[in-house]
Structure formats: C-alpha cells, structure tokens
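# Observations on the model geometry
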Amino acid sequence: MFGRSTSNFDRLLEKATSQLLLEPDWASIMMICDSIRQGDTNPKYAVAAIKKKFYHTNPHVALYALQVMESCVKNCGVLVHEEISTKQFMEELRDLVKQSTDENIKTKVLELLQTWGMAFRSSPKYRIVTDTLNLMKAEGWKFPPVREAEAMFEADTAPEWSDGDVCHRCRVQFSTFTRQHHCRACGQVFCGKCSAKVCVLPKFGIEREVRVCDSCFDQHGPSESETPASPVAEKEGGVKEEASSDLPAEYLASPLSKQPQEPVKVTGGKTETELKEEEELQLVLALSKSEAEEKEKEKKKATSEMLAGYGGERKSVSK
C-alpha cells in the first residue's frame, strides 16, 4: 500500500531509534532520508511511523525519533514538509509538550517547533507551523535559544534529486557494479568515484557531513586554510626548522643552503650515492677477478716449469 520498501524502512527506523544507542546513528538516519527522497518509502507512511516512536515508553527512543524527524525535515524537502505542516500534526506536538513528563523531550519538541516556525515564516503554504509557534508563545511556553543560523534552511531547501543512467561528471554508465549516488548539494547523480567526498551544508540546514560531488565539495567544503596540517608534515617541518637553527648564519645565507640536501633520485629509483656504491662494488669484484686470474696463470706457469725441469732431469739420468 505504501511502497515496496516499508520493511527496509522499518528496519532502519528501529536501528536509528534503538534504546541501546549512546549517540544518534547518523548512517541509518541518512539512509532513511534517502529512502524517502528516492521514492522507496511513502512520505506519509514514514512520518506516521516516526511519529509513533514519539510516544515510546523509553524516553531515549522518543528523543532519537525526534532527531530522525528533524533530519527528514531538513533533508527531504517538500515531501516531508507537507506531511508535518498539518493541523493534526501540530496539535499532536502541542499535546506531546503538555503531556510528556520528560524535560528533554519537551525541550526538543519546543526546539523543533521554533526552528520550523522560523524557517516557514515566509511560506503561506506552511503557515500552520508558524501559527502554532506563535500560539504556544502566547500560552507562555519558554522556547530554547535558536542554535542554527536563521533556523535550518531559511527558504533554501536541498534540491530535488535528478535521475540518470550515466554519471553527471564522467559519463560512465551505471550498472550492477557501478552504483549511482546523489550529491546532496546539487542533486545530480554521480558514480562513487566522482562523489566520494563529504562535507556539511549549513545552507540547507545539514550540519552533518554528507556525500557531495567534487565540484560542490570545492564550493562548500573546508578551505585549505581550515584543513589541519598532517602531524607528519608538522613533524618534518619541526625537524627541518630545528636542524636549520643549528647551522651557521653564513651557510644559511649562502646559495648552497637553498639546494636540496637529499640525494637526487634518478630513474630506477636509485640515488646517485647508491649508484656510486654499486659502481665501486663492481670495480672491486672486477679487480678481485683479475687478481684471481693472474694468480691462476702464475700457478699454471710454475707447474709447467716444474714439469719441464723434472723431464730434463730424467733425460740426463738415462744417458
């Protein structure tokens, strides 16, 4: 009735809201968002299933369910926005705040209502959310401070996902072995190689690292100045600096100090020093061989002379 992947969705939802979790299972949460966006799971079914978890007897499960709902609103766009922007859903959230005995659940629901109300304040289509926020403020409910810049996506929603049979960048054909992936920043479809990078997308209210294509990573990813230097590079830099400080000032000012201090590599992967050592070894071996041959010649000559002398003595005796 609600699509072909409800069993897979239910399994992911159970994982994402498990009472055994110590922190949110972001992998499962993002897979839930994917299943909704790709059309594998009906948004109405998904929102209803997540909403049931709000009333679980274990408050940890309810909190994780609220986290899943928050991520779906941020990542799934109009598909989920239309499901939560109803009078029934807003009334249920109001009742949850009034009836819940867990302060963390109350705070989380109030936080979501404030975030969504501010995000949709310019959208007449979702006016019920803003009206609910204003009504609860009039009733005296204290809302937590807004944590995200301009509440989530500020009219910028993640783009709809495109369909395609080939990678948008390298044009490779998708198959059983070449899977397709969507960039969460531009919505285009890419192969794994062209969308292997991840970054946060505050513009769309996505504050966790998600898959993006190479072009979007260059646009939205951290700049080189923000990327921490590797410990190895820092260590090498420190060693070079330390070594330089021990050298005389005259040497450091000379052109010689600017030349590379490591042996230059040549073809074959051997340095000049290694080649020189190899040549010296070959020379030693050649000399040893020459000396051995010379000794062998002298030995043969001595033996020949000895045999010749012995033969002469035998002739003189016989006469």
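The preceding data block contains the structure.
Conventions and cut-offs
- Residues numbered from 1 in each chain as written.
- Predicted model: local features only at pLDDT ≥ 70, side-chain atom pairs only at ≥ 80, totals over all residues.
- Heavy atoms only, no water.
- Disulfide = S-S within 2.5 Å.
- Helix = DSSP H or I, 4+ residues; strand = E, 2+ residues; numbered from the N terminus.
- Buried < 20%, exposed > 50% of the residue type's maximum accessible area, 1.4 Å probe, protein only.
- Salt bridge = Lys/Arg side-chain N within 4 Å of Asp/Glu carboxyl O.
- Expected span 1.5 Å × (residues − 1).
- Contact = heavy atoms within 4.5 Å.

### Some thoughts on the state of the cysteines
Counting across every chain of the model gives zero disulfides. Here cysteine 199 is not disulfide-linked; the sulfur of cysteine 183 is the nearest cysteine sulfur, at 7.8 Å.

### Concerning the environment of alanine 185
Along the chain, alanine 185 falls in the loop between strand 1 (180-182) and strand 2 (189-191). Judged by its relative accessible area of 10%, alanine 185 is buried. Taking the C-alpha atoms as reference, alanine 185 lies 9.0 Å from valine 210; in sequence the two are 25 residues apart.

### Considering the pattern of salt bridges
Using the criterion set out here, one finds 13 salt bridges in the structure. With a shortest N-O distance of 4.0 Å, lysine 106 and glutamate 103 are connected by a salt bridge. Taken as a pair, lysine 106 and glutamate 103 lie in helix 7 (residues 103-119) at a separation of three residues, close to a single helical turn. Residue lysine 106 is classed as buried on the basis of its relative accessible area, which comes to 18%. Linking aspartate 214 and arginine 169 is a salt bridge whose minimum nitrogen-to-oxygen distance equals 3.1 Å. Residue aspartate 214 is located in helix 9 (residues 214-220), and its partner arginine 169 is located in the loop between helix 8 (127-138) and strand 1; the two are separated by 45 residues in the primary sequence. Judged by its relative accessible area of 15%, aspartate 214 is buried.

### Quick notes on helix 2 (residues 26-37)
Over its twelve residues, helix 2 extends 16 Å from the first C-alpha to the last, a length consistent with the 16 Å expected when each residue adds 1.5 Å. Most of helix 2 is tucked away, with nine of its twelve residues classed as buried. When helix 2 is considered as a whole, its buried residues turn out to be Ser28, Ile29, Met30, Ile32, Cys33, Asp34, Ser35, Ile36 and Arg37. Directly beyond the C-terminal end of helix 2, a positive phi value near 85° is found at glycine 39.

### So, the side chain of glutamine 114
With respect to the helices, strands and loops of the structure, glutamine 114 is situated in helix 7. Excluding residues that lie within four positions of it along the chain, glutamine 114 makes contacts with Leu133, Lys137, Phe143, Pro144, Pro145 and Val146.

### Thoughts on unusual backbone geometry
In this structure, arginine 171 takes a positive phi of about 65° despite not being glycine. Structurally, arginine 171 can be placed in the loop between helix 8 and strand 1.

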